[in-house]
Amino acid sequence: MDQLSQILENLSFNADVFFSGNLCGIQSLGGADSKKGHLHLLKSGVLTIVCEEGHKVTLDKPSVIFMPGPSKHQVIASESDDAELVCADVDFHSGSGAALVNALPKFICLNIGQHDPVGRTAHWLFEEAFNKQAGQQMIVNKLGDIFLIQMLRHVIKEGIVIQGMLAGMAHPQLSALMTALHKRPQEQWTVELMAETAFMSRAKFAALFKDTIGQAPSDYLTDLRIALAQGLLKKDKPVSFVANEVGYEHGSALARVFRKKTGLSPKEWLMKFRK
């Protein structure tokens, strides 16, 4: 299984389209109260995006702006700009999702043509978004998910991830361990065992892991286990079963770690997720 598939197999995410059409005026999005990222796909016209972090870009050809995290920004277009676009909320749910967001640049901008994979999906998305047909919203949201995966593929292919989960998957000394952690999270992993798997001393391994991933090994493992637990909970698996599958002896041990990470018990989280 390739690196991206390994990540996505254990990742809960979705891209929900919330706007498609002609934009006129200023729209403010993101910020401290939001936990979602954004995709903006410009079909035609002129569009300006200004981010709180200092990014400012004016687009005048088919393009995509991808902000994985909840960056506060403004989307600006005047009536004469004739900006036609599609906007989507991107929700990388907690656990591995948070690790993935930390691994990605805060701001990605690229032109899209009709002949590259990202461009072909974008144009299909435009076709569905701007033409009212049966099942439109579901198709648009599914295309949003596909487009998001293609953006992640682009990020890996172009090598623009410096630190984080994706960097660990690509690292020659860490890739085998990362695969093992994702495939066998139920094992009683210690930092010493992880170091042995990576054929390194404990001190050298811990330093390399932190520099590459951006987290201590034990913190990364906990986030991974919580993400996997969330996926199993959504399949209505009992908490005790989920605990054993992700490396905890019993349900109460999982619940304690789960609450520390999410602020909710597994059952409370599942109820909130399904609202």
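Keep in mind that this is a model prediction, so the values were computed, not measured.

Before going further, it helps to spend a moment on the sheet that holds strand β2 (residues 25-29). Within the open sheet, the 4 strands sit side by side as β2-β7-β4-β5. Their pairing is antiparallel. Pairing within the sheet leaves two strands with one partner each, and these edge strands are β2 and β5 (56-59). Across the sheet, the axes of successive neighbouring strands diverge by a mean angle of 15°, strand direction being ignored.

Glancing now at the confidence of the model for the protein chain. With 87% of its residues at a pLDDT of 70 or more, the protein chain shows a mean pLDDT of 83. When pLDDT is averaged over each helix and strand of the protein chain, the minimum, 65, is found for helix α2 (residues 96-103) and the maximum, 96, for helix α7 (residues 191-197).

Another point: the pattern of salt bridges. Tallied over the full model, the rule gives 4 salt bridges. Put simply, lysine 261 and aspartate 223 hold a salt bridge, and the shortest N to O gap is 3.1 Å. Of the two residues, lysine 261 is situated in helix α11 (residues 251-262) and aspartate 223 in helix α9 (residues 217-233); the sequence distance between them amounts to 38 residues. Classification of aspartate 223 as buried rests on a relative accessible area of 12%.

The subject of this paragraph is the packing of aromatic side chains. A complete count under the given rule lists 4 aromatic pairs for this structure. Note on phenylalanine 126 and phenylalanine 130: the rings are 6.4 Å apart at their centroids and 45° apart in plane angle, and the pair reads as tilted. We classify phenylalanine 126 as buried; its relative accessible area is 2%. A residue is classified by how much of its surface remains accessible, and phenylalanine 130, at 23% relative accessible area, is partly exposed. Taken together, a centroid distance of 6.0 Å and an interplanar angle of 70° make the contact between phenylalanine 258 and tryptophan 269 edge-to-face. Of this pair, phenylalanine 258 sits in helix α11 while tryptophan 269 sits in helix α12 (residues 266-273), and the two are 11 residues apart along the sequence.

By the secondary structure assignment, glutamine 215 is in the loop between α8 (202-213) and α9. Judged by its relative accessible area of 17%, glutamine 215 falls in the buried class. Within the structure, the side chain of glutamine 215 is placed 2.7 Å from the side chain of aspartate 223, a separation counted as a polar contact.

A separate point is the environment of glutamate 245. Structurally, glutamate 245 can be placed in helix α10 (residues 239-245). The class for glutamate 245 is partly exposed, based on a relative accessible area of 38%. The residues touching glutamate 245, leaving out its near neighbours within four places in the chain, are Pro185, Gln186 and Leu232.

Turning next to the nonpolar core. Counting residues in hydrophobic clusters, the biggest one holds 34 residues, and the most contacted among them are Met178, Leu181, Phe205, Phe209, Tyr220 and Leu254. Elements supplying a minimum of two residues to this core: α5 (165-170), α6 (175-183), α7, α8, α9, α10, α11 and α12. When residues of this core are assigned to their parent elements, the largest contribution, 8 residues, is made by α9. Those residues in contact with phenylalanine 209 that sit more than four places away from it in its chain are Leu174, Leu177, Met178, Gly214, Gln215, Ala216, Pro217 and Tyr220.

Parameters and conventions
Residues numbered from 1 in each chain as written. Predicted model: local features only at pLDDT ≥ 70, side-chain atom pairs only at ≥ 80, totals over all residues. Heavy atoms only, no water. Pairing = 2+ DSSP bridges. Helix = DSSP H or I, 4+ residues; strand = E, 2+ residues; numbered from the N terminus. Axes fitted to C-alpha atoms, helices over the stretch in contact; angles between N-to-C directions. pLDDT = per-residue confidence, 0-100. Salt bridge = Lys/Arg side-chain N within 4 Å of Asp/Glu carboxyl O. Buried < 20%, exposed > 50% of the residue type's maximum accessible area, 1.4 Å probe, protein only. Phe/Tyr/Trp six-rings, centres within 6.5 Å; stacked < 30°, edge-to-face > 60°. Polar contact = N/O pair within 3.5 Å; in protein donor to acceptor, adjacent residues only side chain to side chain. Contact = heavy atoms within 4.5 Å. Core = buried A, V, L, I, M, F, W, Y, C linked by side-chain atoms within 4.5 Å.

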